[in-house]
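Analysis of the macromolecular model
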Amino acid sequence: MSVRAQDLGARVTGAPRTRRRRGFRAEGRAAFWFLLPSLLGFLAFLLFPLVASLGLSFTNWQLLNQPKFIGIANYIRLFTVDPSFWRVLVNTIFYTVEYLVLNIVLAVGMAVWISSLRWGKRLFRLIFFLPTFTPMIGVSLVWVLIFTPGGLMDWVVQSLGLPVPNFLVDPAWAMQAIVIVSLWSGFGYNLLLFGAALESIPQTYLDAAQIDGANAWQRFWRIKLPLISPTLFFGTVMTAITALQVFDQVYSMTRGGPGVATATLGFFIYQNGFSTYRMGYASSIAWVMFVIIMALTALQFRLQRKWVHYDE
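For the structure given in this document, a descriptive report is provided here. (Residues numbered from 1 in each chain as written. Predicted model: local features only at pLDDT ≥ 70, side-chain atom pairs only at ≥ 80, totals over all residues. Heavy atoms only, no water.)

Another aspect to go through is the side chain of Thr236. Inspection of the secondary structure assignment puts Thr236 in helix α10 (residues 229-244). Sequence-distant contacts of Thr236, that is, excluding residues within four places in its chain, are made with Leu100, Ile104 and Gln300. (Helix = DSSP H or I, 4+ residues; strand = E, 2+ residues; numbered from the N terminus. Contact = heavy atoms within 4.5 Å.)

Okay, here's the thing in structure tokens:
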């Protein structure tokens, strides 16, 4: 082949590549301009405040004065001097564990029951999912009326023949009231999630197990639960993250009381930042909560290898 023919062949094969590169560049520029508003919002409302709060956690800024760098003094005070922190941390973990277990068990149980119905599946899912749309502040205020002495909850307890506690004043029951409100408002999301996962299980698997003599419990434990485990894992992680940040119910119903019986990390941050105006100290609490959430989430991802089954 002559040199001229080789040059012509290179031009012919190189022209489409050049056009493709120009097309990619034009698409990249167009994508950049479409993504720019979201990127600016991410920088202005998420990344910059996140970095700023980390910087403020090393200061003693009290909102009305200039921030003064004090190193890790806020963190030292948090772990060694402030006795309220450990009580608040225990409250947060207690609430998270109880709410997480009850939420997942209730959502899975209701999802299995609804999926077994012959009619009304969509109606029941809609009914249980609707509370997730309601604002938590409004829901909490309504439940305060329910828990008020002489209210609906007292009537329910009395009808069961049980002693009537003062839910919002008794330290032993105040956190339970917070959990009840959270469950009523939040378990519908997981119910819908798990219901969709159950509906996606091939019916042939269940029919084959039934032919082999598996009862309803064995079909659930050996077939349904492993097949929905990825969805169950996702719901568990998201529910745990949400529970660790609980604030609205505590603020609306008990203000962390009685005493500090229902104070959580989210409310503790608000209390120090917007009640006593110790923004630097509140920022340090927020970062401790962030580290706790990240650590627990990483632990959940590590433990998923033992019980989550993905289709290969």
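On we go.
Scanning the entire structure with this criterion turns up two salt bridges. The partner of Glu199 in a salt bridge is Lys121, and the shortest N-O contact between them spans 3.6 Å. In this pair, Glu199 sits in helix α7 (residues 171-199) while Lys121 sits in helix α4 (residues 121-129), placing the two residues 78 residues apart along the sequence. On the basis of relative accessibility, which here comes to 23%, the residue Lys121 falls in the partly exposed class. Residues Glu199 and Arg125 are paired through a salt bridge, measuring 3.1 Å at the closest nitrogen-oxygen approach. Here the residue Glu199 occupies a position in helix α7, and Arg125 occupies one in helix α4, the gap between them amounting to 74 residues. (Salt bridge = Lys/Arg side-chain N within 4 Å of Asp/Glu carboxyl O. Buried < 20%, exposed > 50% of the residue type's maximum accessible area, 1.4 Å probe, protein only.)

Take the packing of aromatic side chains next. This structure, assessed with the given rule, holds 24 aromatic pairs. Measuring from centroid to centroid gives 5.5 Å for Trp143 and Phe147, while their planes differ by 35 degrees, and the two rings are tilted. Of this pair, Trp143 and Phe147 are both found in helix α5 (residues 136-147), four residues apart, which corresponds to roughly one turn of the helix. The exposure classification of Trp143 matches that of Phe147, with both residues buried. The interplanar angle of 45 degrees and the centroid separation of 5.0 Å between the aromatic rings of Phe147 and Phe167 together place this pair among those described as tilted. Here Phe147 is found in helix α5, whereas its partner Phe167 is found in the loop between α6 (152-159) and α7, with 20 residues between them in sequence. (Phe/Tyr/Trp six-rings, centres within 6.5 Å; stacked < 30°, edge-to-face > 60°.)

Moving on: helix α2 (residues 73-81). For α2, the complete set of buried residues consists of Asn74, Tyr75 and Leu78. Buried residues of α2, seen end-on, are gathered within an arc of 100 degrees and therefore sit on one face of the element. The exposed residues of α2 that point more than 90 degrees off its buried face are Thr80 and Val81. (Arc of directions from axis to C-beta.)

Along the chain, Ile70 falls in the loop between α1 (3-56) and α2. Taking the relative accessible area as the measure of exposure, Ile70 reaches 29% and is therefore partly exposed. Apart from the residues within four sequence positions on either side, Ile70 is in contact with Phe58, Thr59 and Asn60.

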